[in-house]
Every structure is written in structure tokens, then in C-alpha cells.
Amino acid sequence: MKSSLAIAVLLVGCAGGADHAISDVDAGHGGEDAGGCQNVLIFDPAVPVAGDHVKVTAQVFGFVTDYAWRVDGVANTNYEGTDHNDHSAIGFDVPTAVSHTVSVDVTPPGACGHLDQTIDVMNPGGTLVMYRVRLTPPAELAPPQETLIQLHQGQNIDRPFSVDPGTVLSGTVTSGSAISAYVKFMPVLGPAFDLVTTGAFTTHLQLQAHTVLVIPQDNTLAPRLFTWMPGMGPNAFPVDAGTPAGGTVLDRSGVALANAQVQLEQLGVPSTIATTGVNGTFTTHHTFDATDPITVTVTPPPSSGLPRLTATAMFDLTKSIQISYAASPATCDLAGTTVTRASAPQANALVTVVGALAGTAGTIATGTVSAKAAGAVHIAAATNGSGVLPNMLVPRASLSAVISVAAGDFAVASLDTSTCAAQALDAPPPTVAIAQIEDPMGTNVLPGARAEAMPIGALALANLVPVEATAGANGHVSLSLAAGAHYALHFFDPGGRGAPHDYPDETAAGVPGEALLNKAIAISGQVTVIGFPNPVANASVQILCSACTGVAASQPIAETATDSTGAYRIAVPDSGPM
Amino acid sequence: MRVNRLWPLATVLTGCFYTDPINQRPSVSIHVADPGAAIARGDHDVKFTAVADDPDGDSVALRWRAYACNGTACDAMEFQSGTDTTFDLIEVPLANAAGNTYDTLEIRLEGQDALGATAKPSQVLDVHLGDAPPQIMMRSDPRPPVVGVPIGIYALVTDPDDPVGSATHPYDVAWSVTSPPTSQDYTLVDRTVAGTDETHLQIGKTFTTHTVGTWTIELTATDPLGMQTVQDLMVPVAADQLPCVAQWVPAATTDPGTTLPLTDPTLFQVLVVTDDLDPYPSVPNDPVLGTTEFHWSIVPPGGTRQQLTSVTGNAVALDPDSYAPGDLVELRVEIQDRNHRAVNCPDGDLTCSLSPDPSCNQRLTWRVEVR
């Protein structure tokens, strides 16, 4: 199966690659070290498979009289193409899945006269696997950077990375004078990163446009988005009170709702947080434009029993924001509900009622623009010394109760308040699930391998703290999992004896007795920072799925760090992200 | 008339008298670069130099030949030749094809000037070849030696003219620890090392001490003829270093007056911990190196600190939907290595460094404001 990838341009020794943040050397830079060289080798196909014929073209800037090619150290004069009588291209067959090193010396030699590059020939039967690689060098060297890499199933690969140090921004957040703020830098390509400053700050940025989100610590100042360009700045990030936007929040009876919190958001930029007064009115401050949708979020006071409202629309913030709860569902008071474990009342248990309401929970309108709001329930209360809940209003709906009997001791129970019948909440003790982690062949247990259970579903709405364990000498891990809860299970081995094996949705009963890690392929190589002569030690190398969102987008499939020589080696699933 | 009588003489005197000068032979001599040094079988880079002189000032072409001999029987063919002033024997041979050990090196030097005159006699230097001493290379495990942690010490013993790996005639090696001289606080026990064959003796020890200092581990190898080599290896044993949080995301709080806005579900991660023995991420398949222990805690809104005992890894996620806008949540991670030194700074300290280096922190705190 021949890859149909586009031709890749392999930049050789391009220190001035300003538009490239991280350079996947096998698919980007290579050959000579930094020195301003812009000569390139072009491989076609870029990712050959066994049986292909590979054409390599040297694209050399400057006057050249001849090219001396070598493939795996042997002179090659199989010049290719009618356009290449000048010997600037050769071709060779790659019958097997091995690596080949191609080099060319140009005449006259010049400062950049030697180019070389290793190209991996892939197995013809394998499929391509895509990962994101996030490199975080020490902050004083370069900003974090990301690249996509494409691996061929069943084949380890050497993948050096050359990181662009970018440029240093010495900036200040001001409001008259320097102020404390949270600053988030979001490059056009690559991962966002952030810092918390008391005013002035210094950081490395990639040589590309960034949007910079500034959220002042002072809630009377509006968060603001800036555009930063290399060489153009800005260096100063002034913030102010922004533009006020106000309105009213009415409860399900049409009565003003006090102590509700209202926040707006546009393109990831929040407004200030406003709290309604006794008359239900609020004023928030923002820096939004009129061209993009705005999300309004309302968090009612817990005692109201109302859900949180969220709606997104092209709200006209020059007009008053009218927020109204729907009359239905009504509320239900859980007062008197007893929380038990094995029939024993549980004192001081924290009960968090969570769930999403069906239908429309309210409306949010500005002028003629009106949007239906979704409702999410998140209401918490603690039992008294007798294990009985106090007054606790919740919407009448099919909900869930996440019960924390003690720190880290959870249970999840269904809670249907639709008819507001008397309730009893049972909080069974956690279930200890034991799994034996084994290598991909199932022949060896893996001491030191790890298991992680990340809450999902109802439990995740109350708590995202994972349950983790490390395998002992017998390869066993014990996971104390909340009764009734669902988890995403992640088995992995820091030792790289197999690739992670994920189970996306399991209860305690579903934890596998034997968890075989996946067959792994290894990515290894050297991390360098362009222009920095020393090895880059302690650079974080994370392998992430290529298309995840939310927390999963930053949850590494595998991670390691470069050693004192700047080298790394990491095992990833052979079959791609699970 | 007088003129006529002088004519024959004049005729003779106006001709050229020429006497062809006799070309003299050049002389050459051989000098040993290091006259005091014994030369042994298997030696490398043994240098000789030629001193050539030609009375006529001509250049002298040199020709070196080196023969290996057993007793009075030298090989018919030279094993190395040369034409430079310096003659550098790459390696002194050990034995002839019949297995007879060479005991003499015969160096011959001939000189010839530009007119073809050769130096007579050609120079011959016979050099006695001695027994080659054992050769020792030593190394330790490629990690910093730390008190209380065993470290492997390895030696490769070779001998150009004696077998070292014979099972029937074990080569004589002896280990010793020579410093610090006042301390006996160590153990040095055998460890199995693969790779021994007839010409390579691979041996090793496991060295453990609880005393900080530079230790010297010495290996003495003695060949069957009594030739002895002593090699030592300096082992600078240091106290265990504290782990340091080196990289993390998102930005942690270092100023008590600042918070981190939590607008989306966020994974709070320690990316890299540097430590001599227990780094994070760990080093795969190392029998000694371990990994960092992470201890997480959280202060929920209006609450007190709770230890997140179920979390043993390097990351914890927080979801703003689990809280209300404006809620303040404090998430903290403290790290320890195998020595479990308590991170005992006051609870209110956002960071904590137990190290003389204040940038080496064992505690990070994220003070989060839910937005």
C-alpha cells in the first residue's frame, strides 16, 4: 500500500526557519547544524514504503556545478529526470523497510555544501498512525511547541526534533501602572501556555502571531485579548474596566433573583463576574466585539434549587440582558433525606446533586435576540450529625447524587426527584478492583506499571480527581472505585514495556482482571534548540492524541523527558491512540 | 719569437681543469624515542627516529623495516616499513604463525643519498621484547554515586600476550578500596558481568557506602609472568539530592495576591522532576533509579486542606463546572524521593524549598479562581 502523502520538503540546517517553531527533523530540518543554510533535500515519496522508488532532489540556493550523491555511504549516479541533467536529483529503489541515509556534496562546497538525511522506509502492510508531540523545553530556552508526527504501524522510528527558541518578550500588564494578571499566550500553531504576573514579565514566544489573553486579578478590570506579532509587539498590555453590560435575572416565578452570578464569554475571553443584587440586576464588564457569538452563564445561589443556565447567541450587549428561568421544572426539597452506608447513617457526608435538565431551563434575551438556555444542576449540601440532609432544593428531574462520605470516599446514586417522593440515599463503600497488568503478549506481569481511573459521567461533574495505583511485584494494581461511578481506565507503563491500554467507560465491576498493554512502537531521538550548542536536558516530551479536545487534549498518551544528552525514547501504541 | 714559445703553454692554460668530486656515502643512525622505556609485545605507538647525515649535503632517503624474531630466527618479511624520519610502530606483534612468542624486535634502517650512495653499513637495532603488562579499563554505572545506593563498578582486563579469560588458569586480579583511608564504611561485592572471552576479562563489583566523599577503587591485575598493572577509579559519592520540580503546567502561583483563572477543565501537571535517583518521568528499566512520589492536596472553597490520597501520579484535573464562579480552590503538589524528606514549610507558603538552592522547589501551589 503506497502512501499518497505529499512531497515533504526537508529543510537542511535552517537556523533561520522563523516560521517553523518545532522542526520534526525527519520531516523538516536536517543535515548540517544551524548556520543560516536554506538548502533542502526533497524526498518523493516523503514516507516511502518497501517496494517504492525514491527520488531525492537537492534544492540548493546558489551557484552549483555538480552534485556528488551517496546512498548509505555508497556513491550513487542514478541521476533522475530530464530536468536533472545537472545531477541535482537521483533515484533509488527501497525494497525493504529499513532506513537509508542520503547525502550530497555540492561543488563548489560553500558553507552549506554537505546535506544529509536519513529516511525511514515503512512496512507496506502497516497503517499510518498520527500523534501530536508536545515539547516543553526549559522555559529559559524556548517556548513549548507542538508538531504532528505520522508513524507507520509496527515500526520504531528515530525522530529528532529541533526547537526554535523564538524570541523573548519582556512585557507589562498595566492599568495606569503595572498590575497583577493572568496571561495566556496562544500561538497560531502550537500549544497555549500561561503565566501569572504581578506586572512585568519575560517569556519566550514562538516567531509567529499570538493571541494574548490577559485576565486581571482585579475583577473590576475586564479581561482583554491582544494580538502580538514578532517584531511588532506590543510589549505593553493595558487593561481597563471595559464596557459595562447589565441586565436582570428572574427566577422561575418571575421574581428577581439575588446573589446569582453572571458571566459572559466570547471566543474564550471572559467578562468580569457580576453578582445580582436584591433586585436581580447585575452589571458585568467586557471587551467583546459585536461580530462573534457570546455565551452567557448564570450560576444561581445554591439555596435557590435552580440549575445553572447557559446560552450562546449573537447577543446585543448594548441592550439589557434579560435572564428568565423557566417555570418548570419546579424544585424539590431533599430535607430529611438520610444518607446511609450499610444501613448506617453517614454524618457530615457531602451530597452533590448533579445532572443535565432536559428541555429548556430558561431564556436569555437582549432586545430582539433571544436564546433558550440549557440547565445544568450542581447543588451541594452536607448531612448533619445524624446523616440527614438539611433543606436542599433541587430541580425535579432525573438526577444523580455524588456522595462523599469522607475525603476521597465517593459513591454515586441515582436520584429521581421528578415526583419529589421521599428519598433515601445509599452510599455503598468503594469497590476495590484488582487488575493484573501484563505485557502485550500476556506472558509477563509488569511491576511498576500504573493504572489510572479518571471519573466520567456523574462523578466527573462533582469531582475529577483520579484514582491511581502502581503495580507491585506481581503486576497487580488495586483501584478503590466509587460504587455506581463510571471511569475511564488508563493502563500504562512508565518503563515502556508496552503501550497504554485504555478502557473508555467502565464501572468497578468492569475493571479487567488482566490488563494487557498494547503492542508498542518506540519513538526516539534527540531534542535540540536551534542556536543552543549544549544538549537540551529535562525537556518534557509528551505524546498526545491528534484529535482530542478538553482535558483529554492535554492528557498524554505517553510522556518522558530528555536525558542529560538531550535524548529521549518513548513507547506509543502501535495501533494509534486508543 | 718569445710569443711563439709561450703559445703551447697558453693553449693549455686557457682550457678548463675539472676534477669530478667524489660523492661520499651518507650515514644514518637509529634512535629510540624513549630510550628508558621497555618495549613489550603488543605495545602500540613505539617510536624510532633516524638521524641522517650526508657529507655532501644531499638529501637522504630512508627506508625502515621492522622484523619480529623468536630467538635468532626472524620472520622473513618485515611486519612494518616506513620512509619517514620517524618510524612509528603501530603495534608490536605477539607471536609468529607457529605460535612462538616473539622476544626480539629487529629494526633496520637504510639510507641513500640523492646520487644513489647508500649508507654502509645499514643500521640494525635489536630490541628485547618484554612481557606485556595487563591493561585495565574501569568505569562505573552512568549515574551519580549517592550514599546508600549500590553502584556498579566494572573493569575490562586485557593482556596482549597472555590469555585473560581462561577458565583453567584464572587471571590474577585483586580489588581494593583505598580511600577515604579512615573509613571502612563500604561494601564491595561481586557482581556478574557477561562478556568474558579468551582475550577479554569482564569483571565487576557492587560498591555501596554511607559515607560522603571521593572513594578510590583499585584493581590490580597480574599476568602469569608477574607483570602487574594497577588501575584506580575515583568514585565521588555525594549525599542524596533533593528532588526539584523543573517543569509544570499551567503556571503555578508564587505570589499570594494572585490566582489562576479556571475557565475550562484543566489538567494540572508536573512535567519534569529532576533528581539524582528518582526523577520524573522515570528512566525505564534502570535497576536502581526510581521515580518521584507525588502528594496532592486540595483546599476546596471555604474548606480546609484535604489530601488526595487516591492520586499518586503527576497530574490532577479540575473542572470549573464542579464549582461556582468566584470560588477559590487551592491545589498543591509536594514531591519526595525515596528518602521521604518531609516538605515541612508552613502551610501558607505557596512554594517550599528544603534545598540550599531556593529555585529547587519541592512544593507547587495553584491558587485557582473559578471563572
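Refer to the structure above for everything that follows.
This text gives an overview of the structure that appears in the document. (Residues numbered from 1 in each chain as written. Chains lettered and ligands numbered in written order. Predicted model: local features only at pLDDT ≥ 70, side-chain atom pairs only at ≥ 80, totals over all residues. Heavy atoms only, no water.)

## Here's the deal with the interface of chain A and chain B
Now for step 1: Between chain A and chain B, the contact holds 50 residues from the first and 45 residues from the second.
Now for step 2: When chain A packs against chain B, close to 3,500 Å² is buried across both sides, 53% of that on carbon and sulfur atoms.
Now for step 3: Inspection of the region where chain A meets chain B yields zero salt bridges.
Now for step 4: Summed over the shared surface of chain A and chain B, the number is 18 residue pairs in polar contact (both at pLDDT 80 or more).
Now for step 5: Counting residues per element, the ones that place at least two in the side of chain A that touches chain B are strand E18 (193-197), strand E20 (210-216), strand E24 (261-266), helix H1 (457-462), strand E43 (467-470), strand E49 (540-545) and strand E50 (558-561) of chain A. (Contact = heavy atoms within 4.5 Å. Buried area = accessible area lost by both parts, 1.4 Å probe. Salt bridge = Lys/Arg side-chain N within 4 Å of Asp/Glu carboxyl O. Polar contact = N/O pair within 3.5 Å; in protein donor to acceptor, adjacent residues only side chain to side chain. Helix = DSSP H or I, 4+ residues; strand = E, 2+ residues; numbered from the N terminus.)

## Notes on the sheet that holds strand E16 (residues 228-237) of chain B
Residues and elements named next belong to chain B.
Now for step 1: Ordered in space as E12-E15-E16, the three strands form an open sheet in which the pairing is antiparallel. Here the strands that pair on one side only, and so sit at the sheet edges, are strand E12 (172-179) and E16. Strand-to-strand twist of the sheet, defined as the mean angle between neighbouring strand axes without regard to direction, takes the value 20 degrees.
Now for step 2: By the bridge criterion, seven bridges tie E12 to strand E15 (residues 213-222) in an arrangement that is antiparallel. In the strand pairing of E15, Val173 is matched with Ala221. (Pairing = 2+ DSSP bridges. Axes fitted to C-alpha atoms, helices over the stretch in contact; angles between N-to-C directions.)

## Observations concerning the pairing of strand E4 (residues 60-70) of chain B
Residue and element names in this part refer to chain B.
Now for step 1: With 10 bridges joining them, E4 and strand E8 (residues 104-113) adopt antiparallel strand pairing. Bridged to Ala68 within E8 is Leu105.
Now for step 2: Inspection of the sheet shows E4 paired to strand E6 (residues 80-82) by three bridges, in the antiparallel sense. When the bridges of E6 are listed, Ala66 appears paired with Gln80.
Now for step 3: The pairing of E4 with strand E5 (residues 73-74) spans two bridges and is classified as antiparallel. Residue pairing in the sheet places Cys69 in a bridge with Cys74 of E5.
Now for step 4: Hairpin connection, E4 to E5: the antiparallel pair is bridged by two residues, and Gly71 has positive phi, about 65 degrees.

## Observations concerning the sheet that holds strand E10 (residues 114-120) of chain A
Residues and elements named next belong to chain A.
Now for step 1: Read across the open sheet, the four strands follow the order E7-E6-E9-E10; overall the sheet is antiparallel. A strand with exactly one partner marks an edge of an open sheet, and here the two such strands are strand E7 (74-76) and E10. On average, adjacent strands in this sheet sit at an angle of 30 degrees to one another, irrespective of strand direction.
Now for step 2: Note: strand E6 (residues 66-71) against E7, three bridges, orientation antiparallel. Residue pairing across strands places Arg70 opposite Ala75, the latter belonging to E7.

## Description of the pairing of strand E30 (residues 321-325) of chain A
All names here are of chain A.
Now for step 1: Along E30, the buried face is formed by Ile321, Ile323 and Tyr325; none of Gln322 and Ser324, which line the opposite face, is buried.
Now for step 2: With four bridges joining them, strand E23 (residues 243-250) and E30 adopt parallel strand pairing. Along E30, the bridge assignment pairs Thr248 with Gln322.
Now for step 3: Sheet topology note: the E30/strand E35 (residues 362-366) ladder contains five bridges and is antiparallel. Each residue of the ladder has a partner; that of Ile321, found in E35, is Thr366. (Buried < 20%, exposed > 50% of the residue type's maximum accessible area, 1.4 Å probe, protein only.)

## Some thoughts on the nonpolar core
Now for step 1: Formed by 78 residues in total, the largest nonpolar core has its most connected members in Ile323 and Ile403 of chain A together with Trp366 of chain B.
Now for step 2: In terms of residues, this core owes the most to one element, strand E36 (residues 369-382) of chain A, which gives five residues.
Now for step 3: The residues touching Ile403 of chain A, leaving out its near neighbours within four places in the chain, are Val339, Ala349, Leu350, Val351, Asp409, Phe410, Ala411, Ala413, Leu425, Asp426 and Ala427 of chain A. (Core = buried A, V, L, I, M, F, W, Y, C linked by side-chain atoms within 4.5 Å.)

## Some details on the pattern of salt bridges
Residues and elements named next belong to chain B.
Now for step 1: Enumeration over the complete set of coordinates arrives at 22 salt bridges over all chains.
Now for step 2: A salt bridge links Asp347 to Arg305, with the nearest nitrogen and oxygen atoms 2.8 Å apart. With Asp347 in the loop between strand E23 (328-336) and strand E24 (363-370) and Arg305 in the loop between strand E20 (293-299) and strand E21 (306-307), this pair connects stretches of sequence that are 42 residues apart.
Now for step 3: With its nearest N and O atoms 3.8 Å apart, the salt bridge here joins Arg371 to Glu369. The pair Arg371 / Glu369 is uniform in exposure class, with both members buried.
Now for step 4: Overlapping salt bridges bring together Arg305, Glu330, Arg332, Asp347 and Arg367 as one network.

Interpretation note: all reported values are geometric properties and have no functional meaning in isolation.
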